[in-house]
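# Descriptive structure summary
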Amino acid sequence: METLRGNITIEWLGTALREDGWLTREQSHNAIRRLAGAASAEHPLVRLAVLKLHRADKPQQLIDTEALCRWLAQRCDIGYRKIDPLKVDIPQATALCSYAYATRAGILPLETTRSSAVFAVTEPGRSEWVNELSQITGRRITRVLANPADIQRYVVEFYALARSIKASEQEQTRRGAGSNDLQNLEQLIELGRRGNLEANDQNVVSVVDWILQYAFDQRASDIHLEPRRDTGRVRFRIDGVLHQVFQMPPKVASAVTARLKVLARLDLAEKRRPQDGRIKTRSPDGQEVELRLSAMPTAFGEKLVLRVFDPDSLLKSYEALGLGEQQIETWQHLTRQPHGIVLVTGPTGSGKTTTLYSTLRQLATEEVNVSTIEDPIELVEPQFNQMQVNPAIDLGFASGVRTVLRQDPDIIMVGEIRDLETAEVAVQAALTGHLVLSTLHTNDATAAITRLLDLGVPPYLLRATLLGVMAQRLARQLCPHCKAPAPVDAVEWRALAGDERPLPEQAMAAEGCLECRATGYLGRVGLYELVEIGPEFRDLIRDNTDLEQLRRSARAAGAASLREAGLHKVLAGLTHAREVLRVTPPTE
């Protein structure tokens, strides 16, 4: 077996792959002939992967860059690492060596402690730099192989970000802006009066661009920028769970906050009151993305949360949302009625907006007028007539519905029914021949009825107008790259399925891999409880309505609870029983 010394060449790569049975002699010869003579700055692993060859010993497997990296790591007896930028402490890592040194040696610092450091490498046959850096840093160096394209990209991005943060901190120090002693509200107010002039500094712009681009790369639904006494923390919500991403000096965090407020057209000088705004930008692949920004004053500065609205994720088919065939049929029947009220319920972040927008998108044809009243407008959709409530001028949901009713609507979407006034105008709109879609915050579908009764809506009006209620939750999906059959936990299964269903021998589970960042989950799927208000169910809606009786009637009519819906997803291998138990309320 030929040992690798020095840089990888196409000739060595072709020979080694032939020795290990990955390529036939003919494949190896042809690859060397096609690539060896052509000058290219790309790494040999990347160049060979472009040929899209298949393994000689396993013809069904494509030889791509990741496969080549894993093979090379095993052949050279070093670890393999898929770089996760969210797990790299960029300022600490980039302090280990200069950008010029990292570029020259083809390395990328990933981790560091007081006694050790981990570097990703593109050339496992080169180790002369190890002793140099070990002596300079006083740390024991460990090498791991990574995708050369990733190393090339992240060397540029990590060092550029580190330079921007350092330069920004120096600039804020020079200007005296963004005091590090934000420890009480009085100082916060004084800062607000002074203003932040550093928001357009090019280094701050670079930091903000990096945060947004990585949020899009990592499929984040929310970006949290949280000021603390000694640092500014950045966290991403991915698949419903928050992940620590980055920490920056307080002065830089203050400048980043100012930059985002400028982009969202918020009042920079106002730091005492909450503010809301919007930003429209583009993802790395060129798609337009809208961000809704919320600023809130805290003890150490303004906390920002940016909700990411990807048009592709908000406008999905019913199948992509996770609805079953029978549920799709029932939901389409309800939402194609000429008049009445259809409700979607669930807590914040359960996917209600996605469901409503996807539904309205299918209903908004040339023959109908779709109008929405939202707080705020989640996504600007050309097919809808969208109005945003504005409490400052007494434009709330109720007054918004009254205005829309004079606009000859066919379908009205009310962002949320929060009070009796809004509930009453929604009912009146349904009674006068309009289809009304809205949301409520309740634990399950049947609780929406008792919630409306508690608000003060007369039972006879509910019986006359309510068509159906759908409750929903979002459960994380098992990672398709690492899920596999596994023994069933009897306690979890009984908690989810009860004692009537037999314990299966196995179900799908995922231990975690590089693709899912070792969480075992990748993406989310909807769980739905859909209750159609039929004649028998309608008769139960009265002043002394019993919630348990409503639930029993819904089950008798065939409406599955949220946990039953989750059970079907578990049996289909889409999620885990533990995840369903986490996101759904107990079945009464």
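Because the structure is a prediction, the values reported are computed rather than measured.

Let's shift gears to the overall build of the chain. When you go through the chain residue by residue, the secondary structure sums to 24 helices and 19 strands. With the C-alpha coordinates of the chain rotated into their principal frame, the extents come out at 85 × 65 × 50 Å. For the chain, buried positions account for 52% of its 588 residues. Relative to all contacts within the chain whose residues are 6 or more apart in sequence, the contacts with residues 24 or more apart total 64%. Measuring between centres, the 71 positive side-chain charges of the chain sit 5 Å from its 75 negative side-chain charges.

This paragraph deals with the sheet that holds strand β5 (residues 222-227). Strand pairing in a sheet relies on backbone hydrogen bonds, with the paired strands running either antiparallel or parallel. In space, the six strands of this open sheet follow the order β7-β6-β5-β10-β9-β8, with antiparallel pairing throughout. Looking at the sheet topology across the chains shown, the edges are occupied by β7 (241-248) and β8 (275-282). Averaged over all neighbouring strand pairs, the angle between strand axes comes to 20°, with direction disregarded. Sheet topology note: the strand β9 (residues 288-298)/strand β10 (residues 301-309) ladder contains nine bridges and is antiparallel. Looking across to β10, one finds that Ala295 is bridged to Leu304. Along the sheet face, helix α11 (residues 250-263) touches β5, β6 (232-238), β7, β8, β9 and β10 and points at about 50° away from the line of β10.

A separate point is the side chain of Glu226. Along the chain, the position of Glu226 falls in strand β5. For Glu226, the side chain forms a polar contact with the side chain of Arg235, separated by 2.9 Å. When near neighbours in sequence (up to four residues on either side) are disregarded, Glu226 contacts Thr231, Gly232, Arg233, Arg235 and Lys303.

Let's shift gears to helix α7 (residues 128-137). Of the positions making up α7, those classed as buried are Trp129, Val130, Leu133 and Thr137. For α7, the arc enclosing every buried residue in end-on projection is 105°, short of the 170-degree limit, so these residues lie on one face. Of the residues in α7, the exposed ones pointing more than 90 degrees away from the buried face are Asn131 and Gln135. Turning to α7, the residues buried within the fold contact α6 (99-105), β2 (107-112), β3 (116-121) and β4 (140-145).

Per the UniProt entry, the sites bearing "domain: Bacterial type II secretion system protein E" (unreviewed entry) are residues 405-419 in this numbering. Within the segment residues 405-419, helix and strand shares are 7% and 27% respectively, and the terminal C-alpha atoms sit 19 Å apart.

With that settled, the discussion passes to the packing of aromatic side chains. Counting across every chain of the model gives nine aromatic pairs. With centroids separated by 6.2 Å and ring planes inclined at 45°, the aromatic side chains of Trp12 and Trp71 adopt a geometry described as tilted. On the criterion of sequence distance, the pair formed by Trp12 in helix α1 (residues 10-19) and Trp71 in helix α4 (residues 65-76) is long-range, its members being 59 residues apart. A single burial state applies to Trp12 and to Trp71, both of which are buried. In textbook terms, an aromatic cluster arises when at least three aromatic residues are bridged by ring pairs, as seen for Tyr154, Phe158, Trp210, Tyr214 and Phe246. The ring centre of Trp22 lies 3.9 Å from the NZ or CZ of Arg55, which sits over that ring. The ring of Tyr99 carries Arg163 above its face, with NZ or CZ at 5.6 Å from the centroid.

Turning our eyes to something else, we now look at the side chain of Gln275. Its location among the elements puts Gln275 in strand β8. Judged by its relative accessible area of 12%, Gln275 falls in the buried class. Engagement of the side chain of Gln275 in a polar contact is seen with the backbone nitrogen of Asp267, the distance being 3.0 Å. For Gln275, the contacting residues outside a window of four places in its chain are Lys261, Leu266, Asp267, Glu270, Leu293, Ser294, Ala295 and Glu302.

Within the secondary structure layout, Leu17 lies in helix α1. Taking the C-alpha atoms as reference, Leu17 lies 55 Å from Glu500; in sequence the two are 483 residues apart. Dropping the residues within four chain positions of it, Leu17 is found in contact with Trp22, Leu23, Leu48, Leu68 and Trp71.

Now for the confidence of the model for the chain. For the chain, per-residue confidence averages 87 on the pLDDT scale, and residues scoring 70 or more make up 93% of the total. Element-level mean pLDDT values for the chain span from 34 in helix α9 (residues 185-194) up to 97 in strand β11 (residues 340-345). A low-confidence stretch, residues 178-197 (pLDDT under 50), is modelled with 32 contacts involving residues beyond four sequence positions or located in other chains.

Time to look at the pairing of β5. Of all six residues making up β5, six are buried, and the element is well covered by its neighbours. Here β5 shows a buried face lined by Asp222, His224 and Glu226 and a second buried face lined by Ile223, Leu225 and Pro227. Bridge analysis of β5 against β6 gives six bridges, and the strand direction is antiparallel. Of the residues in β6, the one forming a bridge with Leu225 is Val234. Hairpin geometry of β5 and β6 is characterised by an intervening segment of four residues between the two adjacent antiparallel strands. Both β5 and β10 contribute to a ladder of four bridges, which runs antiparallel.

Okay, the domain arrangement of the chain next. Often, the extent of an interface is quoted as the loss of accessible area upon association of its parts. Looking at the assigned domains, one finds that the chain contains domain 1 (10-76), domain 2 (79-168), domain 3 (196-312) and domain 4 (318-473 + 524-561). Centre-to-centre separation of domain 2 and domain 4, based on C-alpha positions: 53 Å.

Definitions and limits used
Residues numbered from 1 in each chain as written. Predicted model: local features only at pLDDT ≥ 70, side-chain atom pairs only at ≥ 80, totals over all residues. Heavy atoms only, no water. Helix = DSSP H or I, 4+ residues; strand = E, 2+ residues; numbered from the N terminus. Buried < 20%, exposed > 50% of the residue type's maximum accessible area, 1.4 Å probe, protein only. Contact = heavy atoms within 4.5 Å. Lys, Arg positive; Asp, Glu negative; His and termini not counted. Charge placed at Lys NZ, Arg CZ, Asp CG, Glu CD. Pairing = 2+ DSSP bridges. Axes fitted to C-alpha atoms, helices over the stretch in contact; angles between N-to-C directions. Polar contact = N/O pair within 3.5 Å; in protein donor to acceptor, adjacent residues only side chain to side chain. Arc of directions from axis to C-beta. UniProt positions renumbered as here; feature names shortened; annotations may be inferred. Phe/Tyr/Trp six-rings, centres within 6.5 Å; stacked < 30°, edge-to-face > 60°. Lys NZ or Arg CZ within 6 Å of the ring centre and 35° of its normal. pLDDT = per-residue confidence, 0-100. Domains from an automatic or database assignment.

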